[in-house]
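Listed below are the residues making up each chain.
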Protein chains: 2
Amino acid sequence: MVPTRNEMLNAGEKVSKFLHRTPILSSTGLNKITGCQVFFKCENFQKTGSYKSRGATNAILNLSDKQKEKGVITHSSGNFAQAIALSAKNLGIEATIVMPENAPRVKKDAVLGYGARVIVCESTLAAREAAVEKEIKKSGASFIHPSNDLMVIQGQGTAFMELNEEIENMDAVFAPIGGGGLIAGTATSVHYFSPKTEVYGAEPSGADDAWQSFHAGRIIPQTNPQTIADGLRTSLGNFNFPIIQQLVKDIILVEEEEIISAMKLIYERMKIVIEPSSAVAFAALIKEREKFKNKKVGIIISGGNIDLKALAPLL
Amino acid sequence: MVPTRNEMLNAGEKVSKFLHRTPILSSTGLNKITGCQVFFKCENFQKTGSYKSRGATNAILNLSDKQKEKGVITHSSGNFAQAIALSAKNLGIEATIVMPENAPRVKKDAVLGYGARVIVCESTLAAREAAVEKEIKKSGASFIHPSNDLMVIQGQGTAFMELNEEIENMDAVFAPIGGGGLIAGTATSVHYFSPKTEVYGAEPSGADDAWQSFHAGRIIPQTNPQTIADGLRTSLGNFNFPIIQQLVKDIILVEEEEIISAMKLIYERMKIVIEPSSAVAFAALIKEREKFKNKKVGIIISGGNIDLKALAPLL
């Protein structure tokens, strides 16, 4: 189930041609606060503002020419929608995004701005899947899942590959868990390119399906998630869960106030804009900092797409 | 009055030993909005969070050994206070900062955190100058003015030198004007290292002393400034004004809502945290964008120190 070393290297090569090699930042002040050396891989500076562009680009590039002709389709109201839209545009193929009717206007406009077609549906999983199926029957487009897709997982793993090329021998790396694509990709990269690095997932305790699944040994779907980390409200899938089981050392839960406080620290000290989901990984490190004293730790900052009107009350 | 080419080169060498070479960022989205190619020199990522560390470091390094023994003193409640405190600490000399009693607690704490001594005085220019004088009589410390000092001006000019090393032949560069140190330093660097680049200063229309002085041909002091760009409320000085007169092409005034709107664009599109003063230069470019169509333009992002509680209502 785990992608091969060669597949990861191929993904790295593909992604590097179309996307940014994002900067790695660090802060003396945050090193003091955590007691370790922290290296932030800043995917908030990635195209479309999140790591999702990596998986989208890799998935589209792995389609056959025949598939490419018929376009791609996904359902997402968040970062993956923009990622597919832009990647498809850059590669000259058609993209259709199924979005719930209650998706924020600004997100729909962003997708339209990248030239994708938007199909609006009711805000239920059933309606979303029905809309996708109907469209596939009509156009023959290839469906790309936002997180439970091996090509997407490979693409997401390229962020750690780049981090590891610049910062060798990290003791640990932290990534947030939503659908599980980023953590599975990160763990796969670590497995091949820095096997001594421990991989930690981080999750809001109000959306702890990965933590529950990890401990139960089977997928326990997310129901009624309660967290400001809107990117982390989705459930694990059957492709990424086995990778997580096999390669992730532990999953750390954090509370809402810990997420907000970690987010504010990053704004104040690092001077970068991140979305709440991105603060979850750093909040987990702060919570467990005793364990990582004097260690070299990587954090994947997953993205920086946040509505400023929603940000204001958190500050 | 204008520093020499050699002085600028020396400042560049000195500063590079102690400070960050800050990143230069750009954004496809902002290029579209402005209609030109914009390169942001991000001093919000500089040590202490602003370009002020450049001038502070250069000024301290140019003191004689005898002067260094007696320490340095300045008056500032803002970025220059932290800049002097950290630069002095890094160079192993004593720093005293005179701060008004109404300075925010967090700024005082930051200065104390860098190991400087703080003297609190009444919140008037007279009280501030009296406190500095009294202290100099006692300790013999060297006074370093936050903006009206040739060594400080040279130091501030090193940001453009770095920008110019990576992005050649810019048609124009924009910097905000407060006390005038940054714009004078920038204009001096341009004069020697990229003489075809036009230098534009940007100022809030609620604190337009530089604009008025520029047009009157003599320094007209700032009285009762009204702007959220708190770093730009100070007056020009007799060292930087003649440089501005000689080397700056024009000064562009912007309104408060233009500053806020430019700031929000930078948060949303660039994913970086900047202070309102930094948005003033970009607001000026947006205002005059017709003039810079298809040009290559540099913007000095001066700093990223903003109290998140003060930021929230602006978003």
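This structure is a prediction, so every number in the text was calculated from the model and none was measured.

Reading guide: rules and limits
- Residues numbered from 1 in each chain as written.
- Chains lettered and ligands numbered in written order.
- Predicted model: local features only at pLDDT ≥ 70, side-chain atom pairs only at ≥ 80, totals over all residues.
- Heavy atoms only, no water.
- Least-squares fit on C-alpha atoms with pLDDT ≥ 70 in both.
- Core = buried A, V, L, I, M, F, W, Y, C linked by side-chain atoms within 4.5 Å.
- Buried < 20%, exposed > 50% of the residue type's maximum accessible area, 1.4 Å probe, protein only.
- Contact = heavy atoms within 4.5 Å.
- Helix = DSSP H or I, 4+ residues; strand = E, 2+ residues; numbered from the N terminus.
- Expected span 1.5 Å × (residues − 1).
- Buried area = accessible area lost by both parts, 1.4 Å probe.
- Salt bridge = Lys/Arg side-chain N within 4 Å of Asp/Glu carboxyl O.
- Polar contact = N/O pair within 3.5 Å; in protein donor to acceptor, adjacent residues only side chain to side chain.
- Axes fitted to C-alpha atoms, helices over the stretch in contact; angles between N-to-C directions.
- Parallel < 35°, antiparallel > 145°, perpendicular 65-115°, else oblique.
- Left-handed = near helix turned anticlockwise from the far one by under 90°.
- Nonpolar A, V, L, I, M, F, W, Y, C, P; charged D, E, K, R; others polar.
- Pairing = 2+ DSSP bridges.
- Right-handed = clockwise from strand over helix to strand, strands pointing away.
- Domains from an automatic or database assignment.
- 1 Å grid on protein atoms, 1.4 Å probe; cavity = no way out; pocket = protein on both sides within 12 Å on 5 of 7 lines; lining within 4 Å.
- Points joined across faces, edges and corners; volume = space filled by probe spheres on them.

Enquirer: What is the right way to read the relation of the copies chain B and chain A from this model?
Expert: In summary, the two copies of the chain are related to each other by a rotation about an axis coupled with a shift along it. Of the transformation placing chain B onto chain A, the axial shift is 0.0 Å and the rotation is 180°, giving an RMSD of 0.0 Å. Interpreted geometrically, this transformation is the action of a two-fold axis.

Enquirer: Just checking my understanding: could you explain the nonpolar core for this structure?
Expert: What tends to happen in soluble globular proteins is that the nonpolar side chains get buried as a cluster. In this structure, Phe40(A), Phe174(A), Phe282(A), Phe40(B), Phe174(B) and Phe282(B) are the most contacted members of the largest nonpolar core, which totals 86 residues. Filtering out sequence-adjacent residues up to four positions away, Phe40(A) remains in contact with Pro23(A), Ile24(A), Leu25(A), Leu30(A), Ile266(A), Met270(A), Phe282(A), Ile299(A) and Ile301(A).

Enquirer: I tried to follow helix α10 (residues 181–193) of chain B on my own but got confused; where do I start?
Expert: Along an α-helix, residues three or four positions apart point the same way, because every turn accommodates 3.6 residues. Taking 1.5 Å of rise per residue, 13 residues should cover 18 Å, and α10(B) covers 18 Å from first to last C-alpha, within 8% of that figure. With 10 of 13 residues buried, α10(B) lies mostly within the body of the structure.

Enquirer: What's the story with the side chain of Ser27(B) in this structure? I'm lost.
Expert: Inspection of the secondary structure assignment puts Ser27(B) in the loop between β1 (24–25) and α2 (28–34). For Ser27(B), the residues in contact, after removing those within four places along its chain, are Arg269(B) and Met270(B).

Enquirer: I would appreciate a short explanation of the interface of chain B and chain A in the present structure.
Expert: Size of an interface: often given as the accessible area lost when the parts come together. Taken together, the contact between chain B and chain A spans 18 residues of the former and 18 residues of the latter. Buried surface at the junction of chain B and chain A, both sides included, amounts to about 1,600 Å², of which 66% is carbon and sulfur. In terms of surface lost to chain A, no three residues of chain B exceed Lys271(B), Leu308(B) and Leu315(B), which account for 42% of the buried area on that side. One can count zero salt bridges joining chain B with chain A. Applying the counting rule to chain B against chain A returns eight residue pairs in polar contact (both at pLDDT 80 or more). For the side of chain B that touches chain A, the secondary structure elements donating two or more residues are α13 (256–270) and α15 (308–311) of chain B. Broken down by element, the residue count for the side of chain B that touches chain A peaks at four residues, all from α13(B).

Enquirer: What exactly am I supposed to notice about the packing of helix α1 (residues 5–18) of chain B against α10(B) here?
Expert: In helix packing, the relevant descriptors are the interaxial angle and the interaxial distance, both defined with respect to the helix axes. Residues and elements named next belong to chain B. Running from N to C, α1 and α10 cross one another at 115°; their axes reach a closest spacing of 10 Å. As the angle between them shows, α1 and α10 are arranged roughly perpendicular. Handedness of the crossing formed by α1 with α10: left-handed. The segment α1 lies against α10, with Arg5, Met8 and Leu9 engaging Gly185, Thr188, Ser189, Tyr192 and Phe193. The class makeup of the residues in the contact of α1 with α10 is four nonpolar, three polar and one charged.

Enquirer: Explain the environment of Asp230(B) to me, please; I cannot follow it from the model alone.
Expert: Residues and elements named next belong to chain B. Tracing the chain through its elements places Asp230 in the loop between α11 (209–216) and α12 (240–247). Distance in space between the C-alpha atoms of Asp230 and Ser277 is 6.6 Å, their sequence separation being 47 residues. Not counting the four nearest positions on each side in its chain, Asp230 is found in contact with Lys107 and Ser277.

Enquirer: Before we go on, may I ask you to explain the pairing of strand β2 (residues 37–42) of chain B in this structure?
Expert: Strand residues, when the strand is regular, have side chains that alternate between the two faces of the sheet. All names here are of chain B. Burial analysis of β2 places five of its six residues in the buried class, the great majority of the element. Where β1 lies against β2, two bridges are found, and the strand directions are antiparallel. Each bridged residue has a counterpart across the sheet, and for Leu25 the counterpart in β2 is Phe40. Sheet topology note: the β2/strand β10 (residues 296–301) ladder contains six bridges and is parallel. Residue Lys41 lies in a different strand from β10, and its bridge partner there is Ile300.

Enquirer: Looking at this structure, I do not really get the pairing of strand β7 (residues 172–176) of chain B. What am I missing?
Expert: All names here are of chain B. Taken across its five residues, β7 has five buried, putting it largely inside the fold. Covered by surrounding structure in β7 are Ala172, Phe174 and Pro176 together with Val173 and Ala175, the residues of both alternating faces. On the question of chirality, the crossover connecting β7 to the parallel strand β8 (residues 198–204) by way of α10 is right-handed. Looking at chain direction, β7 and β10 are connected through three bridges and run parallel. When the sheet's bridge partners are listed, Val173 is paired in β10 with Gly298.

Enquirer: Hey, could you run me through the sheet that holds β2(B) in this one?
Expert: Working definition: the strands of a sheet are paired by backbone hydrogen bonds and lie parallel or antiparallel to each other. Ordered by their spatial adjacency, six strands build an open sheet running β1-β2-β10-β7-β8-β9 (chain B), and the pairing between neighbours is mixed. The strands lining the two open edges of the sheet, one partner per strand, are β1 and β9 (250–254) of chain B.

Enquirer: What is the right way to look at the domain arrangement of chain A in this model?
Expert: All names here are of chain A. Here the domain parsing of chain A yields domain 1 (5–47 + 150–311) and domain 2 (53–143). The C-alpha-based centres of domain 1 and domain 2 are spaced at 24 Å. The interface of domain 1 with domain 2 comprises 21 residues on the first partner and 13 residues on the second. Between domain 1 and domain 2 lies a buried interface of about 1,500 Å² when both sides are counted; carbon and sulfur atoms form 56% of it. By the criterion of area lost to domain 2, the three top residues of domain 1 are Lys14, Phe18 and Met151, representing 35% of everything that side buries. Taken together, the connections running from domain 1 to domain 2 amount to two salt bridges. The shortest N-O distance in the salt bridge between Glu43 and Arg54 comes to 2.7 Å. Here domain 1 and domain 2 share 10 residue pairs in polar contact (both at pLDDT 80 or more) between them. For the side of domain 1 that touches domain 2, the secondary-structure elements that each account for two or more residues are α1 (5–18), α8 (150–156) and α9 (158–166). Among the elements that line the side of domain 1 that touches domain 2, the one with the most residues is α8, at five residues.

Enquirer: What's the story with the side chain of Glu162(B) in this structure? I'm lost.
Expert: Residues and elements named next belong to chain B. Checked against the element boundaries, Glu162 lands in helix α9 (residues 158–166). Glu162 sits in the buried class, given a relative accessible area of 7%. Once you skip the residues sitting within four places of it in the chain, Glu162 turns out to touch His20, Arg21, Thr22, Ile24, Lys41 and Arg54.

Enquirer: Hey, could you run me through the sheet that holds strand β5 (residues 117–121) of chain A in this one?
Expert: Residue and element names in this part refer to chain A. Within the open sheet, the four strands sit side by side as β5-β4-β3-β6. Their pairing is parallel. One side of each edge strand has no neighbouring strand; the edge strands of this open sheet are β5 and β6 (142–143). Two elements, strand β3 (residues 72–75) and strand β4 (residues 95–100), share four bridges in a ladder whose sense is parallel. Across the sheet, the residue bridging to Thr74 is Ile97, located in β4.

Enquirer: Which parts of the structure should I look at to understand the layout of surface pockets?
Expert: Over the atoms a probe the size of a water molecule is rolled, and this reveals where empty space is left. A volume near 1,400 Å³ is recorded for the second largest pocket. For the second largest pocket, the lining is made up of 42 residues, of which Glu268(A), Arg269(A), Lys271(A), Tyr114(B) and Asn305(B) are closest to its centre. Listed by contribution, the elements that provide at least two residues to the lining of the second largest pocket are β1 (24–25), α2 (28–34) and α13 (256–270) of chain A together with α5 (79–90) and α6 (105–113) of chain B. Considering every element that reaches the lining of the second largest pocket, the biggest residue donor is α6(B), with five residues. The residue makeup of the lining of the second largest pocket, split by class, is 16 nonpolar, 15 polar and 11 charged.

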